[in-house]
Amino acid sequence: MAHEDHRRSKVKTPSSRRWKFTAALAAFGLAGALMAGCASGAGASSAGGSGEPKQGGDLTFLINNFDAGWVANESAISSYEGNVWDSITDKLVYVDPDGNISPWLAESWENNSDSTEFTLHLKNGVTFSDGTAFDAAAVVRNLDYWARGDEAKGVKRIGLFPSSTYQTAEAVDDSTVKVTFNAPTLGFIPTLGYHGSILTSPKTLDLSKEQQADLKNYSGTGPFVVDSWTEGDNVVLKKRDDYNWAYDNAKHTGPAYLDTITYKIVKEDSIRSSSVESGQADVAYNISPQEISRLKSAGFTVETPKYLGFSHGFKVSTKAENFDDVRVRQAVQVGIDRDEILQTVYTDDWDKATSFLQSNVPEATDNSDLLTYDKAKAESLLDEAGWVKGADGVRTKDGKTLDLDLYPTTYINTASQIDEIIARQLGDIGFKVTQQKLDTAAYLDRVDTNPAIPLRDVTRSFIDVGTVAGVLTSAKSGEDWFAVGESDAKLNELSSGIATASDEAQRKTLVAELQRYVLEQGYYIPIEQIVQRIYLETPKLHGVSFNGIAYANFYDAWKE
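Residues numbered from 1 in each chain as written. Predicted model: local features only at pLDDT ≥ 70, side-chain atom pairs only at ≥ 80, totals over all residues. Heavy atoms only, no water.

Draft legend 1. The arrangement of the pattern of salt bridges in detail. This structure, assessed with the given rule, holds 31 salt bridges. Salt-bridge contacts for Lys437 lead to Glu420; the nearest nitrogen and oxygen are separated by 4.0 Å. Of this pair, Lys437 sits in the loop between β19 (432–435) and α15 (440–446) while Glu420 sits in helix α14 (residues 415–428), placing them 17 residues apart in sequence. A network of salt bridges, in which partner residues are shared, links Glu363, Asp464, Glu504 and Arg507. (Salt bridge = Lys/Arg side-chain N within 4 Å of Asp/Glu carboxyl O. Helix = DSSP H or I, 4+ residues; strand = E, 2+ residues; numbered from the N terminus.)

Rendered as structure tokens:
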């Protein structure tokens, strides 16, 4: 997938269509006078564009929601807030969509032979937007914050940071940091590019949690700074005029080209896409996949970057009723026809899951044989588990019905469609399936970490596979995704081995074995390789790139 295209075609948008949405957009504060001279449409590429980047311009980015607040440790990994954090903060390293690492605010690094000690050499001349120097002391403060959080303030550590092995960080001098772990931690450097690992001014970290929740109080090192924000409505960023420390693969140096970025909440998918079509906005986030072909044919750019992380699917709770039986879990695994889901819900931009890891993760293996639809096998497994199919097609056992509630995640706009298909498919093998639709707040409160819910949607990215094991069991404060605690000796052994491996080849072998074992046990039910962040862009916008977490980077972006 090309990250940028300087020769996009013109788009003709009839004036009747252009004005069609004006009244609707006015309710979202987006309507405004369209330029009378744009007879070929507000979204049209300007004639004779040279392809040379231009300074100035304001970008309007329409987004579904902001729902996780503005305390960085708690919202930096949100699919929504993460977009904003990526514009106002930098990372120590840059990770591209293939997992390749390049320097950013850490110019270089080295580690000892068993990967328990790392030395970071920092870029000089960098400052936070509040004027505080970006130096070794600031990095130490951030590393401690990511690894441990701040218990006194009620701020949690960052998930997927290697906290279980993290020991100390110390400033050797103003531009050198030594980081020590109590066990081999191969994934440390890649994790510095994770979207949770954002660099924050010590002055911001000194604030109370309530003060940190006010985005105006935030100070980072990024190319944009917060100009204003209105809760539940918008965030406005303006470029930082003294910015001059972009990542090594950036296309230019110095400040960003764009003057401002406005992230505007518009909850209706159709309004977001229509406003880009009519020229009222520049980017629409997470449009419907069914619109992609039409919009591409009309000359608009639709980016579907795949992030490094877990495939979209379900983590299965072994504590949920009936799902302590591996045969029930395995029946679900082979009772879902993934081909039908992709053909019905998605376009060619999506791929079927071949593991519980995305295929662009370097250590991912192909376990498609375990994920092949086999209705007869699924029914046989349920028969073996003692679930008897009644005349109505629903299975019962000991007077109980084989019930299953599905809760579509609010973070994927196709989740309800997917769950409707799965409900029918699992209904065909004897489950009585009910779909429960909740808003984001209710979903997070009632479903996300509730072990009584059998199947819980997963939309989780990561930078390095070494952090994966830390979520699967409860060992060393792990997230215990499958509610097994530490009772599964093999899962514990594989997870521990991956987390503490000091050799890349050894770790890759263990990760391959882990993938197979998790799927065989029915602990994870993969569906498709996730494209969670879909971007519809006006043809006037150029130079947008995407990192390994599939967030759009607007540092090099410019408008005609």
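Draft legend 2. Up close: the sheet that holds strand β5 (residues 117–122). Ordered in space as β4-β5-β7-β6, the 4 strands form an open sheet in which the pairing is antiparallel. The strands lining the two open edges of the sheet, one partner per strand, are β4 (106–111) and β6 (166–173). Between one strand axis and the next, the sheet turns by 20° as a mean value, whatever way the strands run. Summarising the sheet, β5 and strand β7 (residues 176–181) pair through 5 bridges and their orientation is antiparallel. Directly across from Glu117, in β7, lies its bridge partner Thr180. Of the strands in this sheet, β5, β6 and β7 touch helix α5 (residues 136–148), which is tilted by about 175° from β6. (Pairing = 2+ DSSP bridges. Axes fitted to C-alpha atoms, helices over the stretch in contact; angles between N-to-C directions. Contact = heavy atoms within 4.5 Å.)

Draft legend 3. Highlighting the environment of Thr409. Following the sequence through the fold, Thr409 ends up in the loop between β18 (403–406) and α14. The class of Thr409 is buried, set by a relative accessible area of 5%. Considered as a pair, Thr409 and Ala281 are 128 residues apart in the sequence and their alpha carbons are 27 Å apart. Setting aside chain neighbours within four positions, we find Thr409 in contact with Ala415, Tyr443 and Asp457. (Buried < 20%, exposed > 50% of the residue type's maximum accessible area, 1.4 Å probe, protein only.)

Draft legend 4. Summary view of the pairing of β6. Examined bridge by bridge, β6 and β7 share 6 bridges and lie antiparallel to one another. Bridging across to β7, Tyr166 finds its partner in Phe181. As consecutive antiparallel partners, β6 and β7 are separated by 2 residues.

Draft legend 5. Structural detail: the environment of Thr318. As for its position among the elements, Thr318 is in the loop between β13 (312–316) and α11 (326–335). Once the C-alpha coordinates of Thr318 and Ile453 are considered, the two residues, 135 residues apart in sequence, prove to be 9.4 Å apart. If near-sequence neighbours (up to four positions away) are discounted, Thr318 is found in contact with Phe323, Asp324, Arg329, Phe482, Ala483, Val484 and Tyr523. In terms of polar contacts, Thr318 uses its side chain to reach the backbone carbonyl oxygen of Phe482, at 2.7 Å. (Polar contact = N/O pair within 3.5 Å; in protein donor to acceptor, adjacent residues only side chain to side chain.)

Draft legend 6. Up close: the side chain of Ser79. Among the secondary structure elements, Ser79 is positioned in the loop between α3 (72–75) and α4 (81–88). Classification of Ser79 by relative accessible area gives buried; the value is 5%. A polar side-chain atom of Ser79 sits 3.1 Å from a polar atom in the side chain of Arg533. Setting aside its immediate chain neighbours within four residues, Ser79 contacts Tyr285, Tyr411, Gln532, Arg533 and Tyr551.

Draft legend 7. Up close: helix α18 (residues 504–520). Look at α18: 24 Å from first C-alpha to last across 17 residues, which is about the 24 Å you get at 1.5 Å a residue. For α18, the set of buried residues is Arg507, Leu510, Val511, Leu514, Gln515, Tyr517, Val518 and Leu519. On the buried face of α18, the contacting elements are α11, α16 (469–472), α17 (489–500) and β21 (524–529). Where α18 starts, the residue carrying a side-chain oxygen 3.1 Å from the main-chain nitrogen of Ala505 turns out to be Asp503. (Expected span 1.5 Å × (residues − 1).)

Draft legend 8. Geometry of the sheet that holds strand β17 (residues 400–401). Overall, antiparallel pairing links the 3 strands, which are arranged β15-β16-β17 in an open sheet. Edge positions in the open sheet fall to β15 (388–389) and β17, since each of these has one partner strand only. Summarising the sheet, β15 and strand β16 (residues 395–397) pair through 2 bridges and their orientation is antiparallel. Counterpart to Lys389 in the pairing with β16 is Arg395.

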